[in-house]
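In case you want the letters, here they are:
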Amino acid sequence: MTDPVSVLDLGDDENRFSPDWLQRVHSFLDGVDGALVTTGGGKFYSNGLDLEWLTAHADQAARYVSDVQELLARVLTLPVPTVAAINGHAFGAGAMLAMAHDFRVMRGDRGYFCFPEADIDIPFTPGMAALIQGKLTPAAAIASMTTGRRFGGTEARETGLVDEIAAEGEVVKVASERVRGLAGKDRGTLGAIKATMFASSVAALRAK
């Protein structure tokens with residue numbers, strides 16, 4: 001029997017959001033049908049924005065941020081069950097990508113989940129803030145968005161940033177098990193539910 005869970009390996013480096021990387025992720029999402037697990041292949045889940053590319057293409061900054069936010073909005077409302085299998089560090093927009101999934105499973109022994117914006121002097125855009133706040137309690141949002149704190153797996157679970165922790169080598173397996181039984185949901189219905197649930201976040205992410 002074919003496994004209904006599609007696993008997207010984001011890469012084995014820092015998995016920063018270069019324009020080419022964004023396009024590859026979109027292309028993979030085009031073919032997802034049953035359920036989706038995303039993960040990294042190295043010590044990073046994703047380190048977020050490609051600041052090196054952005055510095056070299058400052059004239060394209062607005063378009064770049066819009067493209068990043070479009071990916072976040074797409075994952076947020078993808079009409080299949082989704083789970084981020086956080087194998088290592090998830091920073092900034094990489095942590096936001098994980099947050100856009102329905103569920104998050106994080107490695108318990110190594111890796112940090114962090115929104116570093118308060119420490120790197122880059123305020124959240126309204127769309128990014130809306131995404132995070134749409135998934136977290138007010139207390140968890142304050143604890144993670146205003147402090148730049150690096151949460152290990154256990155702390156991330158206790159704070160509500162992730163749903164579950166797993167041992168190294170088990171993250172993808174545990175994540176897949178969480179959504180495998182949900183893979184038969186009607187895409188139209190699930191997509192409509194997510195679009196309604198996260199309407200304000202999506203509107204903020206896609207605002208011009």
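Residues numbered from 1 in each chain as written. Predicted model: local features only at pLDDT ≥ 70, side-chain atom pairs only at ≥ 80, totals over all residues. Heavy atoms only, no water.

A word on the sheet that holds strand S3 (residues 44–46). With parallel pairing, three strands are arranged side by side in an open sheet as S3-S5-S7. Edge positions in the sheet fall to S3 and strand S7 (113–114), since each has one partner strand and no second. As judged from the two bridges shared by S3 and strand S5 (residues 89–91), these two strands associate in the parallel manner. The residue of S5 that forms the bridge with Phe 44 is His 89. Against the sheet, helix H4 (residues 93–100) makes contact with S3, S5 and S7, and its axis sits at roughly 100° relative to S5, the strand it touches most. (Pairing = 2+ DSSP bridges. Helix = DSSP H or I, 4+ residues; strand = E, 2+ residues; numbered from the N terminus. Contact = heavy atoms within 4.5 Å. Axes fitted to C-alpha atoms, helices over the stretch in contact; angles between N-to-C directions.)

What follows is about the pairing of strand S1 (residues 5–9). Remember that side chains alternate between the two faces of the sheet whenever the strand is regular. Pairing between S1 and strand S2 (residues 35–39): five bridges, direction parallel. The partner of Leu 8 across the bridge, within S2, is Thr 38. For the crossover that starts at S1, traverses helix H1 (residues 19–29) and ends in the parallel S2, the hand is right-handed. (Right-handed = clockwise from strand over helix to strand, strands pointing away.)

Generally speaking, soluble globular proteins have nonpolar side chains that are buried together. Membership of the largest hydrophobic core comes to 50 residues, with the highest contact counts inside it found for Ile 86, Leu 97 and Phe 113. Put simply, the parts of the chain that give this core at least two residues each are H1, helix H2 (51–56), helix H3 (61–76), strand S4 (82–86), H4, helix H6 (126–135), helix H7 (138–145) and helix H11 (199–205). Not counting the four nearest positions on each side in its chain, Ile 86 is found in contact with Tyr 45, Ala 98, Arg 104, Val 105, Met 106, Arg 107, Phe 113, Val 162 and Val 171. (Core = buried A, V, L, I, M, F, W, Y, C linked by side-chain atoms within 4.5 Å. Buried < 20%, exposed > 50% of the residue type's maximum accessible area, 1.4 Å probe, protein only.)

The subject of this paragraph is the sheet that holds S4. Strand order in the open sheet formed by five strands is S1-S2-S4-S6-S8, with parallel pairing between adjacent strands. Looking at the sheet topology across the chains shown, the edges are occupied by S1 and strand S8 (164–166). Across the sheet, the mean angle from the axis of one strand to that of its neighbour is 25°, orientation sign disregarded.

This brings us to the pattern of salt bridges. Counted under the stated rule, the structure contains twelve salt bridges. Of the charged contacts, one joins Asp 30 and Arg 74 as a salt bridge, the two residues approaching to 2.7 Å between their closest N and O atoms. Here the residue Asp 30 occupies a position in the loop between H1 and S2, and Arg 74 occupies one in helix H3, the gap between them amounting to 44 residues. Given a relative accessible area of 57%, Asp 30 falls into the exposed group. (Salt bridge = Lys/Arg side-chain N within 4 Å of Asp/Glu carboxyl O.)

To continue, consider the side chain of Ser 144. Looking at where Ser 144 falls in the secondary structure, it is placed in helix H7. Within the structure, the side chain of Ser 144 is placed 2.8 Å from the backbone oxygen of Ala 140, a separation counted as a polar contact. (Polar contact = N/O pair within 3.5 Å; in protein donor to acceptor, adjacent residues only side chain to side chain.)

So, about unusual backbone geometry. In this structure, Asn 15 is a non-glycine residue whose phi angle is positive, near 55°. Within the chain, Asp 121 stands out as a residue other than glycine whose phi angle is a positive 60°. According to the relative accessible area criterion, Asp 121 is exposed, its value standing at 67%.

On to the environment of Gly 88, then. Looking at where Gly 88 falls in the secondary structure, it is placed in the loop between S4 and S5. For Gly 88, a relative accessible area of 2% corresponds to the buried category. Along the backbone, Gly 88 and Lys 43 are 45 residues apart, and their C-alpha atoms lie at a distance of 4.9 Å. The contact partners of Gly 88, leaving out residues within four places of it in the chain, are Lys 43, Phe 44, Tyr 45, Gly 111 and Tyr 112.

Where nonpolar side chains cluster on the molecular surface, the patch consists of Leu 51, Ile 120 and Ile 122 and spans about 230 Å² of accessible area. Tracing the backbone shows Ile 122 in the loop between helix H5 (117–120) and H6. By relative accessible area, Ile 122 is classed as partly exposed at 35%. (Patch = residues over 30% accessible without salt bridge, like charges linked within 9 Å, V, L, I, M, F, W, Y side chains within 5 Å. Areas by Shrake-Rupley, 256 points an atom, 1.4 Å probe, with all protein chains shown as cover.)

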